[in-house]
Number of protein chains: 2
Amino acid sequence: MSFDPTRYAPMANAIRALSMDAVQAANSGHPGMPMGMADVATVLFSKFLRFDPSRPDWADRDRFILSAGHGSMLIYSLLYLTGYDSPTIEDIRNFRQMGSVCAGHPENFLIPGIECTTGPLGQGLAMAVGMAAAERHLNATFGDDLVDHNTWVIAGDGCLMEGINHEAIGLAGTLKLGRLKVLWDDNRITIDGDTSLSTTEDIPARYRASGWDVIQCDGHDFADIERALAEADLSEKPTLVACRTIIGKGSPNKQGGHDVHGSPLGADEIALTRQGLGWTSEPFVIPEDVLADWREAGRRGVAAREEWEARAAADPQGAELQRRMKGELSDDADIRAAFDAWLQGDANIATRKASENALNVLVPAIPEMIGGSADLTGSNNTKAKNQAPFTADDYAGRYVYYGIREFGMAAAMNGMALHGGVIPYGGTFLIFSDYCRNAIRMSALQETRVVYVLTHDSIGLGEDGPTHQPIEHIMSMRLIPNLNVFRPADVIETAECWMLALQSPKTPSVLALTRQNLPQLRHEGGMLSARGAYRLKSAQGARKVILMATGSEVQIALQVAEKLEGQGIGADVISAPCLELFEQQDEAYKRDLLPDADPSQILRVSIEAGVTWGWERYTMVNGLNIGLDRFGASAPAKDLFARFGFTADAIVPQILDRIST
Amino acid sequence: MSFDPTRYAPMANAIRALSMDAVQAANSGHPGMPMGMADVATVLFSKFLRFDPSRPDWADRDRFILSAGHGSMLIYSLLYLTGYDSPTIEDIRNFRQMGSVCAGHPENFLIPGIECTTGPLGQGLAMAVGMAAAERHLNATFGDDLVDHNTWVIAGDGCLMEGINHEAIGLAGTLKLGRLKVLWDDNRITIDGDTSLSTTEDIPARYRASGWDVIQCDGHDFADIERALAEADLSEKPTLVACRTIIGKGSPNKQGGHDVHGSPLGADEIALTRQGLGWTSEPFVIPEDVLADWREAGRRGVAAREEWEARAAADPQGAELQRRMKGELSDDADIRAAFDAWLQGDANIATRKASENALNVLVPAIPEMIGGSADLTGSNNTKAKNQAPFTADDYAGRYVYYGIREFGMAAAMNGMALHGGVIPYGGTFLIFSDYCRNAIRMSALQETRVVYVLTHDSIGLGEDGPTHQPIEHIMSMRLIPNLNVFRPADVIETAECWMLALQSPKTPSVLALTRQNLPQLRHEGGMLSARGAYRLKSAQGARKVILMATGSEVQIALQVAEKLEGQGIGADVISAPCLELFEQQDEAYKRDLLPDADPSQILRVSIEAGVTWGWERYTMVNGLNIGLDRFGASAPAKDLFARFGFTADAIVPQILDRIST
């Protein structure tokens, strides 16, 4: 279905009117982008985008990503106009107010029709790369009948200037993700002024250099937009459509300038804009004929969706696709068998290696898992046996060579998880969580099941020195809401933590893993890691000391306890692989591990090869926190642990000193 | 001075021998890159680089940045061979061992000849952009006689694939930093294997799209290298020299493969390599004639340095340049006068606005300050009155429009500070500290005076919602060693924090500033913020409560205290603009603020609109921590503060509840 230009124009003006009126009512927001891209978006939603507002969860819908999320009124307008249940016109009237689903930036957890949360610039497009990759993977697995859709993006200059854009388009170009179509709002304006203030880049040339098609159009000429989108639709390469637009188009005095980017137009200018557009409706009222045209556009995909449903019902693989799209795990018998074998073993291996062992069981058993690494495959131990690469030649593969693109990888994984049907995990060094930190935060905010395999988790990485040794990273990630930070102590905890990560559909996980070997500390099951912290060893005599440790320092805590017990001092050892899960336990359990005794009676000691700040939560102020509150150094790991006091010999005297005073 | 190829070859082989022997002795490290780039580096250091090993602090030396820092043996070899005091051959023998200055990655704080710490990929090149910008600025200020040098970089595929590369070269291209020359080690190998595994990019085309010259050469043909470097030297654009090399060149069985990237060659292969190169010396022994050639190369710059010193001594501006290069601040009489005026005023302004007021005084008084923002100038309030832009047309300007490039900005600021002669500051939203977090860490590790102006520091930013509201950021940055995180409460603390930031030559600072207005809380001076935390208000009656707050929550603490006092409950209010500085105070001062009383006698309460984790350090476990341990929401700031309990009315009952039990 295609509209003629005389019908397109009032449809686009409906977006302009809603956007300027909502921003004005909120007295905050960004009218410039929705007004500038209204014409392009109207053509996209009326002719090209495959969607059905009555089924926002249709698995084979096109994905639409508003990467320039500050222009959120564009997508709120489109969802309302095409007939989604959410947002309502009341929500739009309450744009940016407490309780409205029309938040300042689009939030996937508030509105079903919103594919992902955007706002942090550059990440929407980078998530779209992950969605397009997930689509190709599921297409290769389930066939054209069940999975065959595009991913469309609207992005602004900010999205293109951010570093992550380079990573995202490089990955998309290498993987030849031809179903990805990016509409660039080329309005030549940033917040500070004209783009020439800060960039002189030839953007089409850069995209072509990364293997993209580039098409150009006049973003205010409906026929030209149609031509360009049709070309983009047909392209077999990822495609950038440079849409030359005027920011704030329609506002006679403000369009084309940077003032219209992020401020209300003001009542007077809105009146003039209405006049210029010939828009006579009251604020938030759409003329019936215009709304009818929009609703007609919204019904375009109903038949396709119904046909798809029929195919899915008939297809022998249809149920499996639906299971994956719902994010339900299948039975894990194979996994439990492997677990039993590990318990009986006695593995003196690094937790990164234990993670590889777990993956060798999990990856075959859970076909929706897609792994990868930011060029550290052999170091992160992220590739399972027989895990074929995901490449432009084989989208059925399940291992992505992300390249040296940590941020791009993390955002792509968010996109994969949000697309659904796959569970992404990916590796880099823990230190480089800094490079993708905001994408990790976005995993948490968007409630995605993404697993970050972050190895070389302390000074234990040794010789590479302070630039590569995490110090503050584990504690700093614990501060991010809705993120489980796991730091397992041995092969068993590692396997447990992997299972817990996979069983958390709405919470992303970090697995912080060692480079160096660690002894196996447990030979019984019980999924003890699920409590977040548990008593690994009980005091023999009267309990005078509680040692609480994580990861590679749990073995040290056991050694300390042994020496203390040798002197008749009873000491518990608590292994704490996930403090977030421990926080969720009931008071009785917490009190059992950490009784509310006078600190002078029972000394609490934390041991973790990272910053001590934060451990006071468990050790109280006058407890003893063994940690590292400075940058590391370059030397073999063993020398570093000795140098920085992570040995029983260094710790025991400090405890004795505290106990005796 | 130029060497003929018969002399170049053994010189380059000296680098190869030292590199493979040191990595072998350490049994860890990266021989592939130094061996592959030995020929290019030999030509650069023998003919083009302007330096004097006897004066590594010569202000007008060329800067050389090994962006691919894992190839650290390249720079250690070069420094030793050309005759720097450090490292010694003993240091090289102890490569990567405890106490050796030859750390796994080059560290600027260990060896004077190392311009910056590299290792986190992409940042070396991005810091070089900042160095080249600082050079042009000082050239524009002091003239060709005093400042006129190149910045040379060796970068690998990893540096070019990282997102920050896009930001860095975009900035350099826009600013037309023609004195920047990047030698790209084009060896087509990454850790995971051939570069084609993860990228298909046309790198020269991308660089040209950003306004760079691109020159190509055979990285193992000395004549071709000379030609290419000569062309680069003459180019008026920033220049990429694509040096086609073979990784691990010289190792007959391992060169050209990814195994030689990050592992020792092994004794057998080293023997074969020696044979192939005709290198007969013992490990760590350089033949006398080869060392003599290298030392001759190292003396090339002595005359130029002496001439420069004579010019600097004669130049009326010479002393001022030296002052700036030493990082000494000049007298601050103007600043103190402004301070007195603020104390007498009564400003109800946002701390971002207070920061702008401070900058309006500081920027004219301290000519070495260079500001900027990542496209949020009007929001960060980073531009002082009459502060001219730093542009390709006016390098004397002191305000950089960094564009939407947070990570690139932060790394460039590190480069500026390391170049010396300027004090950089730059702004973005606090939330986007995530985007540049590792560069902030690198500011701390490298001990640079960089000031991060991070505004919109809490849910107080309001309507933009959870993607833009920092929750964990302030506490998480406190965890980074050697970083002062300032969160001032009013106009006076803001000015004090700015002064403290500028007076810390070896510690970077974060200024976390509000979007929303805050009342002026103090009318006396005394630089109280220097103690990190101080008693803003003393209990009237018997002290039962100590309220400790930062930034925008200090006013709430005062309101709470007033209500408590109204009920006869004595309450102190401690304002804590910088917990790092408070940690450095002596025990007596700390005990005075936070007496070691039974918590049931004096309740400690923290109030900060961010995560509570970490505040237990000051409130003890059974204190009361008022904070926000979830993501925010989109609504006006006032509504959010009420919704999340940051009001006296919400807090007072909680305190009463604790006191009564």
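What you see is a predicted model; the values in this text were computed from it and never measured. (Residues numbered from 1 in each chain as written. Chains lettered and ligands numbered in written order. Predicted model: local features only at pLDDT ≥ 70, side-chain atom pairs only at ≥ 80, totals over all residues. Heavy atoms only, no water.)

### So, the pairing of strand β2 (residues 151-155) of chain A
Residues and elements named next belong to chain A. Among the five residues of β2, five are classified as buried, and the element is accordingly described as predominantly covered. Burial along β2 is two-sided: the face carrying Thr151, Val153 and Ala155 and the face carrying Trp152 and Ile154 are both buried. Bridge count for strand β1 (residues 63-66) against β2 is four bridges, and the pairing is parallel. Its bridge partner lying in β2, leucine 66 is registered against isoleucine 154. In this structure, β2 lies alongside strand β3 (residues 180-186), joined through five bridges in parallel fashion. By the bridge assignment for β3, alanine 155 is matched with tryptophan 184. (Buried < 20%, exposed > 50% of the residue type's maximum accessible area, 1.4 Å probe, protein only. Helix = DSSP H or I, 4+ residues; strand = E, 2+ residues; numbered from the N terminus. Pairing = 2+ DSSP bridges.)

### A word on the relation of the copies chain B and chain A
For the pair of chain copies, the relating operation is a rotation around an axis with a shift along it. When chain B is fitted onto chain A, the two copies agree to an RMSD of 0.0 Å after a turn of 180 degrees and an axial shift of 0.0 Å. Classification of the inter-copy transformation places it as that of a two-fold axis. When the interface residues of chain B are mapped onto chain A, 100% of them are again interface residues, pointing to one common binding face. (Least-squares fit on C-alpha atoms with pLDDT ≥ 70 in both. Contact = heavy atoms within 4.5 Å.)

### Observations regarding the sheet that holds strand β12 (residues 451-455) of chain B
Residue and element names in this part refer to chain B. Strand order in this open sheet of six strands is β10-β9-β11-β12-β14-β13, and the pairing throughout is parallel. This sheet does not close on itself; its edge strands, each paired only once, are β10 (399-401) and β13 (484-486). The average angle at which neighbouring strand axes cross in this sheet is 20 degrees, direction not considered. Pairing of β13 with strand β14 (residues 509-513) involves three bridges; the strand directions are parallel. Bridge pairing links valine 485 to valine 510 in β14. On top of the sheet, helix α17 (residues 406-419) reaches β9 (369-373), β10, β11 (423-429) and β12; it is set at about 165 degrees to β11, its chief contact. (Axes fitted to C-alpha atoms, helices over the stretch in contact; angles between N-to-C directions.)

### Topic: the UniProt feature "active site" (unreviewed entry) in chain A
Here the UniProt feature "active site" (unreviewed entry) sits at A:Glu406. Counting through the fold element by element, A:Glu406 comes out in helix α17 (residues 406-419). Those residues in contact with A:Glu406, other than ones at most four positions away along the chain, are A:Glu167, A:Ala374, A:Thr428, A:Phe432, A:Tyr435, A:Cys436 and B:Glu162. (UniProt positions renumbered as here; feature names shortened; annotations may be inferred.)

### Examining the pattern of salt bridges
With the rule as written, the count across this model stands at 82 salt bridges over all chains. Among the ionic pairs, A:Arg437 bridges to B:Asp434, the shortest N-O distance being 3.5 Å. Placement of the pair is A:Arg437 in helix α18 (residues 437-446) and B:Asp434 in the loop between β11 and α18 (437-445), with the two residues belonging to separate chains. Given a relative accessible area of 2%, A:Arg437 falls into the buried group. On the accessibility criterion, B:Asp434 (2% relative accessible area) is buried. A single network of salt bridges, built from pairs that share partners, joins A:Asp52, A:Arg55, A:Arg305 and A:Glu309. (Salt bridge = Lys/Arg side-chain N within 4 Å of Asp/Glu carboxyl O.)

### Some thoughts on the domain arrangement of chain A
Residue and element names in this part refer to chain A. Domain assignment breaks chain A into domain 1 (5-306), domain 2 (332-519) and domain 3 (532-660). Listed per partner, the contact involves 28 residues of domain 2 and 33 residues of domain 3. Both sides together, the interface formed by domain 2 and domain 3 hides about 2,300 Å², and carbon and sulfur atoms give 60% of it. Per-residue buried area on domain 2 facing domain 3 is highest for Ile459, Ile471 and Arg487; these three make up 29% of the total on that side. The tally of links between domain 2 and domain 3 comes to two salt bridges. Across the salt bridge formed by glutamate 553 and arginine 487, the nearest N and O atoms sit 2.7 Å from each other. Contributing elements (two or more residues each) for the side of domain 2 that touches domain 3: α19 (473-478), β13 (484-486) and α20 (491-502). A per-class count over the side of domain 2 that touches domain 3 returns 15 nonpolar, eight polar and five charged. (Domains from an automatic or database assignment. Buried area = accessible area lost by both parts, 1.4 Å probe. Nonpolar A, V, L, I, M, F, W, Y, C, P; charged D, E, K, R; others polar.)

### Observations concerning the sheet that holds strand β18 (residues 570-575) of chain B
All names here are of chain B. The five strands are arranged β16-β18-β17-β19-β20 in an open sheet whose pairing can be described as mixed. The open sheet has two edge strands, β16 (534-537) and β20 (624-626), and neither has a second partner. Averaged over all adjacent pairs, the angle separating strand axes in this sheet is 25 degrees, with direction ignored. By the bridge criterion, three bridges tie strand β19 (residues 603-607) to β20 in an arrangement that is parallel. Bridge pairing in β20 links isoleucine 607 to isoleucine 626. On the sheet, helix α21 (residues 554-566) packs against β16, β17 (543-549), β18 and β19 and is oriented at approximately 170 degrees with respect to β18.

### Considerations on the environment of A:Glu580
Residues and elements named next belong to chain A. Assignment of secondary structure puts glutamate 580 in helix α22 (residues 579-583). When the C-alpha positions of glutamate 580 and arginine 179 are compared, they lie 39 Å apart, and in sequence the two are 401 residues distant. Within the structure, glutamate 580 has its side chain in polar contact with the backbone nitrogen of valine 485 (distance 3.2 Å). (Polar contact = N/O pair within 3.5 Å; in protein donor to acceptor, adjacent residues only side chain to side chain.)

### Here we look at the packing of aromatic side chains
Counting across every chain of the model gives 38 aromatic pairs over all chains. With a centroid separation of 5.4 Å and 75 degrees between ring planes, the pair formed by B:Tyr399 and B:Tyr401 is classed as edge-to-face. The two residues B:Tyr399 and B:Tyr401 agree in class, both being buried. One aromatic cluster in this structure is built from A:Phe582, A:Tyr589, A:Trp615, A:Tyr618 and B:Trp613. One Lys or Arg, B:Arg617, reaches over the ring of A:Trp613 and ends 4.6 Å from the middle of that ring. (Phe/Tyr/Trp six-rings, centres within 6.5 Å; stacked < 30°, edge-to-face > 60°. Lys NZ or Arg CZ within 6 Å of the ring centre and 35° of its normal.)

### What to know about the state of the cysteines
Summed over all chains, the structure comprises zero disulfides over all chains. Among the cysteines around A:Cys102, which has no disulfide bond, A:Cys116 carries the closest sulfur, lying 16 Å off. Given the relative accessible area of 0%, A:Cys102 is considered buried. Distance from the sulfur of B:Cys217, which forms no disulfide, to the nearest cysteine sulfur (B:Cys243) is 3.9 Å. We classify B:Cys217 as buried; its relative accessible area is 6%. (Disulfide = S-S within 2.5 Å.)

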